[in-house]
Amino acid sequence: MHLGATLRLLRVDAGLSLRDLARRIGVSSAYLSRVEHGVDAPPTQERLTAIARELDVPPALLMDVANRVSPYVAGYLEDVPAAGTLLLDIARRKLTGAQLARVRAFLDAEFPLREARGDEPVPALGLLLNPERVVVQLSCGDYEDALDVAAGRLASALPGLDAAALAQGLRQREGETPSQVGSGVAVPHAFVSGAAPVAALVTLARPLKTDAPDGQPLRLVVALVDGHRGRARLMRLAHVARLAGRGLADRLQGAEDARQVLETLEELEALR
């Protein structure tokens with residue numbers, strides 16, 4: 001996983017320059033550049049929280065992308081040590097995503113939250129997909145071929161939008177800031193005024209060698225279109241990066257059809 005690539009992607013989409021974000025969180029632009037390029041270690045929890053505040057995304061989401069424990073969770077484990085034993089029991093049982101969803105349903109029924117949580121949930125990626133917008137084991141020569149296929153599937157869900165124009169928009173956005181977030185995943189995206197958020201997912205038959213931030217070949221493309229800029233858009237991008245860090249490309253590598261892809265994605269997203 002490459003946190004820096006995700007931070008750069010979110011920063012550019014938020015309309016912030018490197019210098020501006022660095023100034024806002026009280027660090028040098030040189031330091032922030034090193035973080036974005038993976039030269040320096042991921043920021044501390046405090047700095048990640050500050051970055052999340054400036055990007056207007058939930059801090060816990062960036063903590064997940066960085067594989068750091070949320071301060072809320074750490075504080076709770078310190079106050080209630082027995083909770084750590086319960087987490088250990090869950091780990092020993094190796095509960096799947098579907099089984100964890102059942103545990104969550106029990107908690108919601110027996111112990112409903114009394115007040116709003118500080119971090120709003122991110123809409124599931126699976127809700128933006130359907131079988132027609134899932135392409136499995138695509139054979140292609142380069143990344144642009146995959147973008148063309150994804151654009152075609154996205155255009156089918158957006159009446160009046162030309163697939164070639166959408167593909168060009170995806171390429172243009174890639175030219176501004178590459179969308180590869182590491183772990184074999186790219187999240188190309190385009191803004192289409194007024195469009196409802198929609199996604200297409202393409203798994204590749206053969207990994208493609210690209211300039212990925214972590215050096216891993218590209219195996220999965222998750223293309224997004226959105227008609228509104230701001231918080232929800234950034235949260236969706238960060239959520240895909242979080243899924244990438246949780247092994248999304250690995251989990252989908254053996255999928256033989258769209259149904260398997262959507263079922264695996266639903267199970268993985270139950271871990272949120």
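Quantities reported herein were computed from a predicted structural model and do not represent experimental measurements. (Residues numbered from 1 in each chain as written. Predicted model: local features only at pLDDT ≥ 70, side-chain atom pairs only at ≥ 80, totals over all residues. Heavy atoms only, no water.)

### A closer look at the overall build of the protein chain
Helices and strands together make up the secondary structure of the protein chain, namely 13 helices and six strands. Its C-alpha radius of gyration of 19 Å places the protein chain within 12% of the 19 Å reference for a compact globule of 272 residues. For the protein chain, the C-alpha atoms occupy an extent of roughly 55 × 45 × 35 Å along the three principal directions. Counting all 272 residues of the protein chain, 43% fall into the buried class. (Helix = DSSP H or I, 4+ residues; strand = E, 2+ residues; numbered from the N terminus. Rg over C-alpha atoms; globule rule 2.2 N^0.38 Å. Buried < 20%, exposed > 50% of the residue type's maximum accessible area, 1.4 Å probe, protein only.)

### Some details on the environment of D64
Mapped onto the elements, D64 comes out in helix 5 (residues 59–65). Owing to a relative accessible area of 27%, D64 belongs among the partly exposed residues under this scheme. Along the backbone, D64 and G245 are 181 residues apart, and their C-alpha atoms lie at a distance of 8.5 Å. In contact with D64, not counting residues within four places along its chain, are R242 and R246. (Contact = heavy atoms within 4.5 Å.)

### Focus: unusual backbone geometry
Phi is positive for Q137, close to 55°, though the residue is something other than glycine. Relative to the elements of secondary structure, Q137 occurs in strand 1 (residues 134–138).

### Quick notes on empty space enclosed by the protein
Across all of its chains, the model carries three cavities of 30 Å³ or more by this definition. As a volume, the largest cavity reaches approximately 70 Å³. As for the largest cavity, its lining consists of H189, A190, P197, V198, L224, V225, D226, R233, R236 and L237. Elements with a minimum of two residues in the lining of the largest cavity: strand 4 (189–191), strand 6 (218–226) and helix 11 (231–245). (1 Å grid on protein atoms, 1.4 Å probe; cavity = no way out; pocket = protein on both sides within 12 Å on 5 of 7 lines; lining within 4 Å. Points joined across faces, edges and corners; volume = space filled by probe spheres on them.)

### A closer look at the pairing of strand 6
Counting buried positions along strand 6 gives nine out of nine residues, so the element sits mostly inside the fold. Summarising the sheet, strand 3 (residues 185–186) and strand 6 pair through two bridges and their orientation is parallel. Note on strand 6: the bridge partner recorded for V185 is L220. Of the pairings in the sheet, the one linking strand 5 (residues 198–208) to strand 6 comprises seven bridges and is antiparallel in character. Residue pairing for strand 6: A200 is matched across the bridge by A223. (Pairing = 2+ DSSP bridges.)

### A word on helix 3 (residues 29–36)
Along helix 3, the positions that sit buried rather than exposed are Y31, L32, V35 and E36. For helix 3, the arc enclosing every buried residue in end-on projection is 135°, short of the 170-degree limit, so these residues lie on one face. In this fold, the buried residues of helix 3 make contact with helix 1 (3–13), helix 2 (18–25) and helix 4 (45–55). A positive phi of about 75° marks G38, the residue just after helix 3. (Arc of directions from axis to C-beta.)

### A word on the side chain of R133
One can find R133 in the loop between helix 8 (97–110) and strand 1. Of the side chains with opposite charge, E132 comes closest to the buried, unpaired R133, at an N-O distance of 6.2 Å. A distance of 2.9 Å separates a polar side-chain atom of R133 from the backbone oxygen of A199. Contacts of R133, omitting those with residues within four sequence positions, involve L128, R153, L154, A157, V198, A199, A200 and L201. (Lys, Arg positive; Asp, Glu negative; His and termini not counted. Salt bridge = Lys/Arg side-chain N within 4 Å of Asp/Glu carboxyl O. Polar contact = N/O pair within 3.5 Å; in protein donor to acceptor, adjacent residues only side chain to side chain.)

### Here's the deal with the confidence of the model for the protein chain
The share of residues in the protein chain with pLDDT of 70 or more is 91%, and the mean pLDDT across the chain is 88. The element-level mean pLDDT for the protein chain is lowest in helix 6 (residues 71–79), coming to 65, with strand 1 highest at 97. (pLDDT = per-residue confidence, 0-100.)

### Digging into the packing of aromatic side chains
To describe a pair of aromatic rings, one takes the distance between the centres and the angle between the planes. In total, this model carries one aromatic pair according to the counting rule given. Consider the rings of F106 and F111, whose centres lie 6.4 Å apart with planes at 80°: the pair is edge-to-face. Classification of F111 by relative accessible area gives exposed; the value is 55%. Taking NZ or CZ as reference, R47 lies 4.9 Å from the ring centre of Y31, over its face. (Phe/Tyr/Trp six-rings, centres within 6.5 Å; stacked < 30°, edge-to-face > 60°. Lys NZ or Arg CZ within 6 Å of the ring centre and 35° of its normal.)

### Quick look at the packing of helix 2 against helix 3
When two helices pack together, their arrangement is captured by the angle between the axes and the distance separating the axes. It is at 8 Å that the axes of helix 2 and helix 3 come closest, and there the two elements cross at 110°. When the axis of helix 2 is compared with that of helix 3, the two are roughly perpendicular. Between helix 2 and helix 3, the residues in contact are L18, R19, L21 and A22 and S29, L32, S33 and E36, respectively. For the contact of helix 2 with helix 3, a count of residues per class yields four nonpolar, two polar and two charged. (Axes fitted to C-alpha atoms, helices over the stretch in contact; angles between N-to-C directions. Parallel < 35°, antiparallel > 145°, perpendicular 65-115°, else oblique. Nonpolar A, V, L, I, M, F, W, Y, C, P; charged D, E, K, R; others polar.)

### So, the pattern of salt bridges
By the definition in use, this model includes 18 salt bridges. D13 is paired through a salt bridge with R233; the nearest N and O atoms lie 2.9 Å apart. Taken as a pair, D13 in helix 1 and R233 in helix 11 lie far apart in primary sequence, 220 residues in all. Accessibility classification places D13 together with R233 in one group, the buried group. In this structure, R23 and D20 form a salt bridge, with 2.6 Å as the shortest nitrogen-oxygen distance. You can see R23 and its partner D20 sitting in helix 2, three residues apart, about one turn around the helix. Overall, the relative accessible area of 58% leaves R23 in the exposed class. Three or more residues are tied together by salt bridges with common partners; here these are D20, R23, R24, R53 and E54.

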